[in-house]
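Overview (structure and organization)
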Amino acid sequence: MTLTPTRAVDVRVRRLTTTLYGYSFLEEFVLLYPVYALLFSDAGLSVWQISSLFALWSVTAVVLEVPSGAWADAVSRRLLLVVGPLLTGAGFALWILVPSYAAFAVGFVLWGTGGALCSGALEALVYDELERGGASDRYARVLGRARAAGLAAVMAAMGLAGPVLAWGGHAAVGAASVLVCLLTSVTALRFPEHRRARAAERRGWVVAMRAGLGEARRDRSVRGALLLVPAVAAVWGALDEYTPLLVREAGVADVAVPWVLLVIWGGATAGSLLAGEGERFGTGALAVLLGGGGLALAVGAVAGTVAGLLLVAVAFGAFQAATVLAEARLQHRIESTGRATLTSVAGLGTEVVTLTVFAGYAVIASGHGHGAAFAVSAVPYVVLAVGLAVGSAVVRRRGRVGAEV
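These numbers come from a predicted model, not from an experiment. (Residues numbered from 1 in each chain as written. Predicted model: local features only at pLDDT ≥ 70, side-chain atom pairs only at ≥ 80, totals over all residues. Heavy atoms only, no water.)

Judged by nonpolar contacts, the single largest core of 84 residues is most densely connected at Leu81, Phe191, Leu290 and Leu297. The element best represented in this core is helix α14 (residues 306–333), accounting for 13 residues. In this structure leucine 290 touches Val232, Phe319, Ala322, Tyr381, Leu384, Ala385 and Leu388, once residues within four positions along its chain are discounted. Membership of the second largest hydrophobic core comes to 25 residues, among which are Val35, Phe40, Leu53 and Ala161. (Core = buried A, V, L, I, M, F, W, Y, C linked by side-chain atoms within 4.5 Å. Buried < 20%, exposed > 50% of the residue type's maximum accessible area, 1.4 Å probe, protein only. Helix = DSSP H or I, 4+ residues; strand = E, 2+ residues; numbered from the N terminus. Contact = heavy atoms within 4.5 Å.)

What follows is the structure in structure tokens.
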């Protein structure tokens, strides 16, 4: 049977999206995630040693984020998506085989390197392939579903980690995590990739990085979209680490904390699935999402009750949808030559702002509690929402004046 051009394009897009959803699920379905802190503690590490490992992880991501994005613009992005999970899996294997501070440190460097290789490369590959199939307008919807698959995997891993740990200890959890990394790498082989490197890209990743950063300097719309991603994603991404403490402060027993966290992450998953609908409404929808999410977060956190935590779940859903929309806006505005580089720059900005939020949160929560820290963290979203709304109104007014002239 001969496929018509439209049918052939639909088949290619379907292969891309199904591979993406499977890759996104497997990438996050790591049973070690909920329990690796326990592994470190059981190996005799102190709190300061564990904190230093997290810092090493963050530093690795910050140092390699932009260079790896430029590399993804200069070589095969699919290759990086294959190699990244293998490095992460090697790090996990090292943790289980040689549980010591040195092994944990090397494992975090490998994990950070693997994550950096995939950051930027995945989004750029997906957008370019959708654009090639004439379906770039579906990017927000596709990305939202991919993020939802990843969040579903996190929740599934949270539910399975306990029973697997009870059955086979850290060795069983680690072996399952290494296996998932291998499956993620194999899944990446199914990604289509038709991008042809241009002459400048073939000269190396340094040239690719300069080209991408040069586009951001020249184009104000690209620069604005680049700054918007960390502004939207960083604060609530940092708050994620403190949600168990907020839940406990609301009076929830420790044994029930994971169940409440599943509700909160269910809200984030719903936000991912609904993100594609918001793209049709542009900047106005983004402002509403951010403003409404900020108010819900502040009220829910200050309430200090289980009912208030439902508002936190709503806020996380709004922020997740807004993050997807901000990332889609960036992809729509940049050229393909520096797509992975600029996506990685946005990721770097998110990492830097997240570290700043960690420091601010510690100061506020130490003196006033977690509810107050969450509420204060909502303020930037309300301010950003007002700024977007005002900017959108100015653009519309200029458009009307131009039309009249």
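After that view, the rundown keeps rolling.
Before going further, it helps to spend a moment on the confidence of the model for the chain. If pLDDT is low for a region, its predicted coordinates should not be looked at in detail. Summary statistics for the chain give a mean pLDDT of 85 and a share of 88% for residues scoring 70 or more. Mean pLDDT values over the elements of the chain span from 44, in helix α8 (residues 199–202), up to 96, in helix α4 (residues 77–97). Taken together, the stretch residues 401–405 has pLDDT below 50 and engages in 0 contacts with residues farther than four places along the chain or on a different chain. (pLDDT = per-residue confidence, 0-100.)

This brings us to the packing of aromatic side chains. Within a pair of aromatic rings, the relevant descriptors are the distance that separates the centres and the angle that separates the planes. This model, assessed by the stated rule, comprises 26 aromatic pairs. The interplanar angle of 75° and the centroid separation of 5.1 Å between the aromatic rings of phenylalanine 92 and tryptophan 111 together place this pair among those described as edge-to-face. Of this pair, phenylalanine 92 sits in helix α4 while tryptophan 111 is found in helix α5 (residues 101–118), placing the two residues 19 residues apart along the sequence. By the burial criterion, phenylalanine 92 is buried, and tryptophan 111 matches it. The structure contains a cluster of three or more aromatic residues connected by ring pairs, namely Tyr33, Tyr36, Phe40, Trp57, Phe92, Trp95, Phe104, Phe108 and Trp111. (Phe/Tyr/Trp six-rings, centres within 6.5 Å; stacked < 30°, edge-to-face > 60°.)

All right, on to the pattern of salt bridges then. Pairing is possible between side chains that carry opposite charge, provided their charged atoms lie close to one another. With the rule as written, the count across this model stands at 5 salt bridges. Residues aspartate 128 and arginine 339 are paired through a salt bridge, measuring 2.9 Å at the closest nitrogen-oxygen approach. Residue aspartate 128 is located in helix α6 (residues 121–132), and its partner arginine 339 is located in helix α15 (residues 339–368); the two are separated by 211 residues in the primary sequence. Assigned by exposure class, aspartate 128 and arginine 339 land together as buried. With its nearest N and O atoms 3.5 Å apart, the salt bridge here joins glutamate 277 to arginine 141. Of this pair, glutamate 277 sits in helix α12 (residues 257–278) while arginine 141 sits in helix α7 (residues 139–188); the two residues are 136 residues apart in sequence, bridging distant segments of the chain. Salt bridges linked by common partners bring Arg77, Asp128 and Arg339 together as one network. (Salt bridge = Lys/Arg side-chain N within 4 Å of Asp/Glu carboxyl O.)

A word on the environment of alanine 148. Among the structural elements, alanine 148 can be located in helix α7. Look at alanine 148 and you get buried, because its relative accessible area is 5%. Taking the C-alpha atoms as reference, alanine 148 lies 8.1 Å from glycine 271; in sequence the two are 123 residues apart. When neighbours within four sequence positions are excluded, alanine 148 is seen to be in contact with Thr269, Ser272 and Leu273.

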